[in-house]
Structures are given as C-alpha cells and as structure tokens.
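Here is how the chains run, residue by residue.
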Amino acid sequence: MAFFRALETKRKNGRKLFSDPFAIHFLDSGLQLAVKASNIPLFKSYLNKIIHKKVPGAYSSGLARTKYIDDLVERTIKGGVTQVMILGAGFDTRASRLNFLQFIPVIEIDHPNTSNFKIDTYKKQMGELPKNVTYCQIDFNKESLDDLARKYGFSFTKPITIIWEGVTNYLTAEAIDNTFAFVSKYPTGSYVIFTYVHKQILENPGAFFGGGKLLKDLEKMEERWTFGFYPDELSSYLSRFGLTLMEDLGATEYRQKYLPERTEDGYEFYRVAITKKNRSTIADFDLQLDPGA
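Calculation criteria
- Residues numbered from 1 in each chain as written.
- Predicted model: local features only at pLDDT ≥ 70, side-chain atom pairs only at ≥ 80, totals over all residues.
- Heavy atoms only, no water.
- Helix = DSSP H or I, 4+ residues; strand = E, 2+ residues; numbered from the N terminus.
- Rg over C-alpha atoms; globule rule 2.2 N^0.38 Å.
- Buried < 20%, exposed > 50% of the residue type's maximum accessible area, 1.4 Å probe, protein only.
- Areas by Shrake-Rupley, 256 points an atom, 1.4 Å probe, with all protein chains shown as cover.
- Arc of directions from axis to C-beta.
- Contact = heavy atoms within 4.5 Å.
- Salt bridge = Lys/Arg side-chain N within 4 Å of Asp/Glu carboxyl O.
- Core = buried A, V, L, I, M, F, W, Y, C linked by side-chain atoms within 4.5 Å.
- Pairing = 2+ DSSP bridges.
- Axes fitted to C-alpha atoms, helices over the stretch in contact; angles between N-to-C directions.
- 1 Å grid on protein atoms, 1.4 Å probe; cavity = no way out; pocket = protein on both sides within 12 Å on 5 of 7 lines; lining within 4 Å.
- Points joined across faces, edges and corners; volume = space filled by probe spheres on them.
- Nonpolar A, V, L, I, M, F, W, Y, C, P; charged D, E, K, R; others polar.

### Some points on the overall build of the chain
Helix and strand content of the chain: 13 helices and 7 strands. Taking 293 residues into account, the globule formula puts the C-alpha radius of gyration at 19 Å, and the chain, at 19 Å, falls close to it. On the principal axes, the C-alpha backbone points of the chain span a range of 65 × 50 × 35 Å. For the chain, buried positions account for 49% of its 293 residues. As presented, the chain carries roughly 14300 Å² of accessible surface, and 53% of it is formed by carbon and sulfur atoms.

Written as structure tokens, this is what we have:
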C-alpha cells in the first residue's frame, strides 16, 4: 500500500486522489527507483501491467480505498469525533498527511518491530515525530488491547474514530470478537472504519477474478488469509456490540466512486465498512465499574 500511495503521489497526468510525501520513504531502494521512474511512459505501462498480472485489481482498489477511508474519517471528525485510533497502523500516514487531523490526537497501535521502523523513518526524514501522535506498541502474544488501554491511559469518555485497515483478514474469529468488544467500550457517537474480505473468497476463490492465484501466492508468502464476513450478515454481527452499520462498499463500488476513468477488474471481494456506536452494551457498564479500565 505504501508503494501504491507513493505511485499516486508521483503521478503527473490527471487528478490525484491524494498526496502522500511520506510513503516513498518506507520502500526499499528498488521500489523507490520504480516510483521515481513511474512517469516515463514506457516504464509506467510496463509497471501497471506487472502489478495487474501479480495482483489483479489491487492497485486501483488500494488507491480508491485509501481516498474513501480518508473521506470517511473526515466525515466523522466534522461530526464531532475528538480522537482517532489506528489499529495495526503499519505505514499508514494519515496522521501526518491529512490536514484535518493536524490538531486531533491520534493513537497508533502496532507491533514494536513495525512501530520502531516507522518512528526511525519519520525521525530521519522529518527530523521529528508528528506531535499529535502517540505510538503504542503491543505484542498480542503477551498483551491485550485492554492491557494497552490501562498502560497508556486511553480515554473512553470521548468519541473516537478507529481505523482498522488491512488487518481483519489475517485474524481469527475470536480476535475479531475481542477487538469489537474492546471498541464497544467507547461512547455513543464513536465510529469504526474497517476493511474485510468477502467470506466467499476463502471458501471458493475461483468465484472472483484472480482470487485463486492470490490465495496461493499468499500461502507461499506465509501471509494466509483466515477470516472474512458475508456482507449480508455483517449488520447483525455488529449489533451484538452496540454498533450500527452505516455503509459497506466493495471494490467495484468505491472504484466507481473515485476512479471511474481508471477502474479495472479484480479485488471485488475487498470491502470497506463504517459502523457507529449508537447504544450502550454490557462493556460500557463493566467500564464504569472498573476505574482502571
């Protein structure tokens, strides 16, 4: 995704969906060179063909998804949200590149290895870390999100927007349940923006263009996908946690919304949903009884 964002930032022809001047610094030297050469017509055509051959539809889906989530986050901030959390932040740069987050406290949660690499990269390229970001490191084999909340003193009294992008498809059903249970502790007016894959891609990869090859490639890279939702079951699932599904779009829909002139086939199984906390749950009452939570 950092590579895709860097390519979009470098693009000269046509309207850019967004600009991310930080993305290129997370890439190795070979990918940085590819980004710098990406406006040379022959190389650009070759690069697009290679990307589409390896992961059909991922490029346009990734670009449109990034812009879609940016817009959803902005919508929640305008609606009164006063803090943002990015779960599995990776090389997400929204806290730095989105002007409307400049004065919004952002909590980034990730494994120490990824978080430290990101911190070191920012220090080298910017000279300092973004002042609005708190970097929270967690090893899920040793700690839970509840442990992390106590350690860093998370505020459960202010509405929050939680961004959970590119993560759920690697988790277990139990981990998904535990995360939404944690999310449900935040007050009414909070949001979760998350991605997921259509469960059918896991059960019948051939139902989607490029699906079979993608899952085989992921197996080889030891990045096997383990979880998905059926879209028509998502709303009832979220209601268990006091969450209301506001919007749920697949790649076909958000590509058409943001890249009608640059759309392509593939990755139709990748979806973005936004859900809102609208009612109290048992977790809210537990939180009130546990001052340390």
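### Comments concerning helix α8 (residues 173–183)
Listing the buried residues of α8 in full gives Ile-176, Thr-179, Phe-180, Phe-182 and Val-183. For α8, the angular spread of the buried residues around the axis is 155°, confining them to a single face. As for α8, its buried residues are in contact with β1 (83–87), α7 (145–152), β4 (160–164), β5 (191–197), α11 (231–239) and β6 (243–250).

### With respect to the side chain of Arg-65
Summarising the element assignment, Arg-65 is placed in helix α4 (residues 58–78). With residues near it in sequence (within four places) discarded, Arg-65 still touches Met-1, Glu-165, Thr-195, Tyr-254, Tyr-270 and Val-272.

### Some remarks on the pattern of salt bridges
Counted under the stated rule, the structure contains 18 salt bridges. A salt bridge links Arg-11 to Glu-8, with the nearest nitrogen and oxygen atoms 3.4 Å apart. What makes Arg-11 buried here is its relative accessible area of 10%. Among the ionic pairs, Asp-248 bridges to Arg-271, the shortest N-O distance being 3.2 Å. In this pair, Asp-248 sits in strand β6 while Arg-271 sits in strand β7 (residues 270–277), placing the two residues 23 residues apart along the sequence. When its relative accessible area of 16% is taken as the criterion, Asp-248 is described as buried. The exposure class of Arg-271 is buried, given its relative accessible area of 13%. Within the structure, one salt-bridge network assembled from shared partners comprises Arg-5, Asp-20, Arg-65, Asp-70, Asp-92, Arg-94, Arg-97 and Glu-165.

### Overview of the nonpolar core
With 58 residues, the main nonpolar core has Phe-3, Val-84, Trp-225, Tyr-254 and Phe-269 as its most contacted residues. The leading source of residues in this core is α4, at 9 residues. Once you skip the residues sitting within four places of it in the chain, Phe-3 turns out to touch Leu-27, Leu-31, Ala-34, Val-35, Leu-47 and Ile-51. Cys-136, Phe-154, Leu-238 and Phe-241 belong to the second-largest nonpolar core, a separate cluster that totals 31 residues.

### Quick look at the sheet that holds strand β2 (residues 106–110)
Taken together, the 7 strands give an open sheet; going across it, the order is β3-β2-β1-β4-β5-β7-β6, and neighbouring strands pair in mixed fashion. The two strands at the open ends of the sheet, each matched to only one other strand, are β3 (133–137) and β6. On average, adjacent strands in this sheet sit at an angle of 20° to one another, irrespective of strand direction. Sitting on the sheet, α8 touches β1, β4, β5 and β6, and the angle it makes with β4 is about 165°.

### Concerning the layout of surface pockets
Taken as a whole, the second largest pocket spans an internal volume of roughly 270 Å³. Looking at the second largest pocket, it is lined by 15 residues, and the ones nearest its centre are Lys-44, Asn-48, Tyr-59, Leu-63 and Arg-262. Taken together, the elements giving at least two residues each to the lining of the second largest pocket come down to α3 (41–54) and α4. For the lining of the second largest pocket, the element with the most residues is α3, which contributes 5 residues. Here the residues of the lining of the second largest pocket sort into 6 nonpolar, 5 polar and 4 charged.

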